[in-house]
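The lines below spell out each chain.
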Amino acid sequence: MRQFAYLHDTSIFCKPPISFNKWSERKLLACALGATLYMPAARVTIAREIVGQKYPGLVSMVLCLEDAIGDDQVADAEQNLILQLSTLDEYIQSGKFSLEDLPIMFVRVRSPQQMILVLESLGEAAYLLGGFVFPKFSSDDTGHLYFELLQKYNTFSGGPFYGMPILETANVIYTETRIQELLAIKELLDEYHDLVLNVRIGATDFSSLFGLRRGPDVTAYEILPISSCIADIINIFARVESDYIISGPVWEYFSNGGRVLKPQLRQSPFKDFYGTLGKDIRGQLLDKFVDGLIREALLDKENGLMGKTTIHPSHLIPIQALYAVSHEEYLDAQHIIDSSGQQGVIRSRYTNKMNEVKPHYNWARKIILRSQAYGVLDEEHNFTALLAKDLYL
């Protein structure tokens with residue numbers, strides 16, 4: 001129940017999520033990261049907020065030593081990062097905080113040398129980390145060095161340590177270099193396949209190369225240069241034989257600054273579950289400015305992306321709620337897998353569609369994996385049940 005530990009009533013699940021930690025099987029862990037919260041490594045309250053479980057739904061986070069801090073803050077942020085992680089280690093070793101409640105934690109570093117500094121400074125407390133995020137990742141020598149070092153440090157106690165490259169450079173998005181660079185990056189990652197937890201998309205850096213910034217009513221999929229690049233990243237890294245999980249780009253908005261367009265968050269899921277109260281709950285979501293977030297996260301999911309980079313704790317629960325598997329999806333997936341090799345086409349258990357066993361088999365496998373990480377809702381509920389007013393809003 002990691003993503004939904006805030007729930008007082010778990011009866012909405014017919015199959016609850018399973019527990020996981022950084023030592024869980026890689027594919028499950030990659031799927032289960034959910035909404036990964038970024039936090040500046042210079043923040044002096046990191047340990048206190050984690051131990052106090054300040055943010056409902058927090059299961060993975062990135063402590064950032066790169067763009068989230070100024071260039072003149074780097075040395076202080078490095079010292080603070082070590083201090084905060086050492087404090088967490090003290091809480092765990094003294095029994096004041098459970099390792100099972102610790103988010104899967106990563107550090108976004110500026111260079112391979114900084115990664116060495118962090119690991120060497122932490123020493124035995126390095127077990128607190130799930131790995132590192134590699135910004136502005138490319139196929140050059142630095143990209144290779146990141147993973148060479150990661151492989152070396154995985155022989156240390158405290159591992160495993162995973163790498164999460166962020167694709168956000170000009171060579172990745174510019175048309176004339178894109179495919180060549182993406183294929184070169186994939187070749188590099190294939191070399192270290194078991195150390196790659198997922199591939200992340202840096203839509204903000206991409207946008208900056210064109211002087212763009214999407215508005216609160218516009219998704220990344222409606223900004224043409226970004227959308228075409230995401231499509232190519234999916235095409236190269238998300239093929240069944242590649243086995244990489246790609247996470248969605250960050251959503252930048254978190255407070256109501258006034259709406260421009262008509263809200264697009266559909267009323268029906270809220271009305272179906274909450275009746276007249278559904279309108280009020282939907283209204284509160286709109287006030288929290290997550291209308292666009294939910295629209296984009298739904299498009300992430302439809303395009304095969306899993307989880308999302310997050311810069312505000314109010315985004316955690318809406319994103320993860322969308323990945324909970326519906327009762328209908330689960331029955332379809334299980335039926336397809338159970339019928340593999342026996343039938344070609346079968347009517348769905350909900351009798352509203354035909355399931356083709358071979359074409360839908362890979363989809364079904366992904367649904368079963370997602371069901372382990374996010375659970376299966378019972379047939380009376382949809383994702384809005386995870387956003388109930390008395391539990392979250």
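The model shown is predicted, which means the values in this text are computed figures rather than measured ones.

Peer 1: Please explain the overall build of the protein as it appears in this structure.
Peer 2: A count of helical and extended segments in the protein gives 15 helices and 12 strands. Taking all 393 residues of the protein together, the buried fraction comes to 55%. Restricting the contact set of the protein to residue pairs at least 6 apart, pairs at least 24 apart contribute 78%. Counting only carbon and sulfur atoms, one obtains 50% of the accessible surface of the protein, whose full area is about 17,000 Å².

Peer 1: What is the right way to look at helix α15 (residues 357-374) in this model?
Peer 2: An α-helix turns once per 3.6 residues; consequently, residues spaced three or four apart project the same way. Taking 1.5 Å per residue as the helical rise, α15 with its 18 residues ought to reach 26 Å, and the 24 Å between its terminal C-alpha atoms agrees with that figure. The largest bend in α15 is about 30°, located at tryptophan 363. Every buried residue of α15 is accounted for by Val357, Ala364, Ile367, Ile368, Leu369, Arg370, Ser371, Ala373 and Tyr374. Glycine 375 lies just past α15 and shows a positive phi near 80°.

Peer 1: What is the right way to look at the pairing of strand β2 (residues 35-40) in this model?
Peer 2: Two faces make up the sheet, and in a regular strand the side chains alternate between them. Most of β2 is tucked away: five of the six residues are buried. Pairing analysis gives three bridges linking β2 to strand β9 (residues 308-310), with the strands arranged parallel. Pairing of alanine 35 across the sheet is with lysine 308, part of β9. Relative to strand β3 (residues 60-64), β2 runs parallel, the two sharing five bridges. Within the sheet, the bridge partner assigned to tyrosine 38 lies in β3 and is valine 62. One crossover worth recording links β2 to the parallel β3 by way of helix α2 (residues 46-51), and it is right-handed.

Peer 1: In this structure, what is going on with the sheet that holds strand β8 (residues 246-247)? I would like to understand it.
Peer 2: Pairing between the strands of a sheet is mediated by backbone hydrogen bonds and can be parallel or antiparallel. Taken in spatial order, the eight strands of this open sheet run β8-β7-β6-β5-β4-β3-β2-β9, and their pairing is parallel. The outermost strands of the open sheet, each flanked by one partner alone, are β8 and β9. This element, helix α13 (residues 316-323), spans β2 and β9 of the sheet and lies at about 160° to β2.

Peer 1: Where do I start with the environment of valine 196 in this structure?
Peer 2: Among the secondary structure elements, valine 196 is positioned in the loop between α7 (178-191) and β7 (199-201). The class for valine 196 is buried, based on a relative accessible area of 0%. When the C-alpha positions of valine 196 and phenylalanine 161 are compared, they lie 9.3 Å apart, and in sequence the two are 35 residues distant. Excluding anything up to four places from it in sequence, valine 196 contacts Arg26, Phe147, Gly163, Pro165, Leu189 and Tyr244.

Peer 1: Before we go on, may I ask you to explain the nonpolar core in this structure?
Peer 2: In globular proteins that are soluble, nonpolar side chains generally tend to be buried together. With 115 residues, the main nonpolar core has Phe132, Phe147, Leu189, Ile233 and Phe237 as its most contacted residues. In terms of nonpolar packing, the next biggest core, distinct from the first, is built from 10 residues, Tyr330, Ala333, Ile336 and Val376 among them.

Peer 1: Looking at this structure, how should I read the packing of helix α3 (residues 74-93) against helix α4 (residues 112-122)?
Peer 2: If you want to describe how two helices pack, look at the angle between their axes and the distance between the axes. Interhelical geometry of α3 versus α4 gives an angle of 35° and a closest axis separation of 10 Å. α3 and α4 meet at a crossing whose hand is right-handed. Residues Val74, Glu78, Leu81, Ile82 and Leu85 of α3 touch α4, and the partners they reach there are Gln114, Leu117, Val118, Ser121 and Leu122. For the contact of α3 with α4, the per-class residue count stands at seven nonpolar, two polar and one charged.

Analysis parameters
Residues numbered from 1 in each chain as written. Predicted model: local features only at pLDDT ≥ 70, side-chain atom pairs only at ≥ 80, totals over all residues. Heavy atoms only, no water. Helix = DSSP H or I, 4+ residues; strand = E, 2+ residues; numbered from the N terminus. Buried < 20%, exposed > 50% of the residue type's maximum accessible area, 1.4 Å probe, protein only. Contact = heavy atoms within 4.5 Å. Areas by Shrake-Rupley, 256 points an atom, 1.4 Å probe, with all protein chains shown as cover. Expected span 1.5 Å × (residues − 1). Bend = angle between axes of the 7 residues up to and from the residue. Pairing = 2+ DSSP bridges. Right-handed = clockwise from strand over helix to strand, strands pointing away. Axes fitted to C-alpha atoms, helices over the stretch in contact; angles between N-to-C directions. Core = buried A, V, L, I, M, F, W, Y, C linked by side-chain atoms within 4.5 Å. Left-handed = near helix turned anticlockwise from the far one by under 90°. Nonpolar A, V, L, I, M, F, W, Y, C, P; charged D, E, K, R; others polar.

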